[in-house]
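Below are the chains, spelled out letter by letter.
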Amino acid sequence: MFKTKNDLPEDTRAMVIELLNARLADAIDLQSQTKQAHWNVKGPNFIALHELFDKINKNAADNVDDLAERIVQLGGVAEGTVRTAAKRTSLAEYPSYTVDGRSHVEALSSVLAAFGKSVRRAVAETSDLGDADTADLLTEISCSIDKWLWFVEAHQQAQR
Ligand SMILES: [Fe+2]
């Protein structure tokens, strides 16, 4: 931990940093999985899904940056290499057989939902730790994930 004049107690910062590094690994995994979907989707809805998946990727990249920079603001070290992310991620691997739009919609909605769940849990955890600012940042991320989950899942919701 680095010295900082930030007034959050050191033990709070240490716990929040550890928690944020875990979510950073997930966010980096999500970022690469959205590109995987963007590159490989095929079928009748190709262009709509190709462009949607890239928008989600850009949001995922912003989330990575925000999480990493919050870690550093708290006096920590952002552990954000792809090797570290691959070791630590809690998300399942993107299915390699995914080709058609429907399969990508199913795969990406599953990973978005899993990431959203872990971020929402982190909102409650950081709030309990007394770091309202990190909880707010995580709330913003979980709101955006809920929006993208809707965008993706709406493709399968024409029938209830
Ligand atoms: Fe592209």
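My aim in this report is to walk through the structure given alongside it, one point at a time. (Residues numbered from 1 in each chain as written. Predicted model: local features only at pLDDT ≥ 70, side-chain atom pairs only at ≥ 80, totals over all residues. Heavy atoms only, no water.)

Structural notes on the overall build of the protein
So, step 1. Assigned secondary structure in the protein consists of 5 helices and 0 strands.
So, step 2. Relative to its length of 160 residues, the protein is compact, with a C-alpha radius of gyration of 17 Å against a globular reference of 15 Å.
So, step 3. Reported as C-alpha extents along the three principal axes, the dimensions of the protein are approximately 55 × 35 × 20 Å.
So, step 4. With 160 residues in all, the protein has 44% of them scored as buried.
So, step 5. Considering only residue pairs separated by 6 or more positions, the protein has 77% of its internal contacts joining residues 24 or more positions apart.
So, step 6. Surface accessibility of the protein: about 9100 Å² in total, with carbon and sulfur atoms responsible for 52%.
So, step 7. One finds the centroid of the 18 positive side-chain charges in the protein at a distance of 4 Å from the centroid of its 24 negative side-chain charges. (Helix = DSSP H or I, 4+ residues; strand = E, 2+ residues; numbered from the N terminus. Rg over C-alpha atoms; globule rule 2.2 N^0.38 Å. Buried < 20%, exposed > 50% of the residue type's maximum accessible area, 1.4 Å probe, protein only. Contact = heavy atoms within 4.5 Å. Areas by Shrake-Rupley, 256 points an atom, 1.4 Å probe, with all protein chains shown as cover. Lys, Arg positive; Asp, Glu negative; His and termini not counted. Charge placed at Lys NZ, Arg CZ, Asp CG, Glu CD.)

Points about the nonpolar core
So, step 1. The biggest cluster of nonpolar side chains holds 42 residues, and the ones touching the most others in it are Leu30, Phe53, Ile56, Leu108, Leu112 and Phe115.
So, step 2. Contributing elements (two or more residues each) for this core: helix H1 (10-40), helix H2 (46-73), helix H4 (101-128) and helix H5 (132-153).
So, step 3. It is H1 that provides the largest number of residues to this core, a total of 10 residues.
So, step 4. Among residues more than four places away in sequence, those in contact with Ile56 are Thr34, Leu108, Leu112, Trp148 and Val152. (Core = buried A, V, L, I, M, F, W, Y, C linked by side-chain atoms within 4.5 Å.)

Looking at H4
So, step 1. Look at H4: 40 Å from first C-alpha to last across 28 residues, which is about the 40 Å you get at 1.5 Å a residue.
So, step 2. Phi turns positive, to about 90°, at Gly130, one or two residues after H4. (Expected span 1.5 Å × (residues − 1).)

Observations concerning the packing of H4 against H5
The relative placement of two packed helices comes down to the angle between their axes together with the axis-to-axis distance.
So, step 1. Contact geometry of H4 with H5 gives a least axis separation of 9 Å together with a crossing angle of 160°. By the criterion of interaxial angle, the relationship of H4 to H5 is roughly antiparallel. Here H4 runs over H5; the crossing is left-handed. On H5, the residues touching Val105, Ser109, Leu112, Ala113, Phe115, Gly116, Val119, Arg120, Ala122, Val123, Thr126 and Ser127 of H4 are Thr134, Ala135, Leu138, Thr139, Ile141, Ser142, Ile145, Asp146, Trp148, Leu149, Val152 and Glu153.
So, step 2. A per-class count over the contact of H4 with H5 returns 14 nonpolar, 7 polar and 3 charged. (Axes fitted to C-alpha atoms, helices over the stretch in contact; angles between N-to-C directions. Parallel < 35°, antiparallel > 145°, perpendicular 65-115°, else oblique. Left-handed = near helix turned anticlockwise from the far one by under 90°. Nonpolar A, V, L, I, M, F, W, Y, C, P; charged D, E, K, R; others polar.)

Remarks on a negative patch on the surface
So, step 1. Negative charge collects at one region of the surface, where Asp62, Asp65, Asp66, Glu69, Asp133, Asp136 and Glu140 lie side by side.
So, step 2. Per-element accounting of the negative patch gives the leading share, 4 residues, to H2.
So, step 3. Assignment of secondary structure puts Asp66 in helix H2. (Patch = residues over 30% accessible without salt bridge, like charges linked within 9 Å, V, L, I, M, F, W, Y side chains within 5 Å. Salt bridge = Lys/Arg side-chain N within 4 Å of Asp/Glu carboxyl O.)

Topic: the environment of Leu91
So, step 1. By the element assignment, Leu91 lies in the loop between helix H3 (82-88) and H4.
So, step 2. Residue classification places Leu91 among the buried positions, given a relative accessible area of 8%.
So, step 3. In this view, Leu91 contacts Asp26, Asp29, Leu30, Gln33, Val111, Ala114 and Phe115; residues no more than four positions away in its chain are not counted.

Here we look at the side chain of Ser118
So, step 1. Along the chain, Ser118 turns up in helix H4.
So, step 2. The contacts of Ser118, once residues within four sequence positions are left out, are Arg23 and Asp26.

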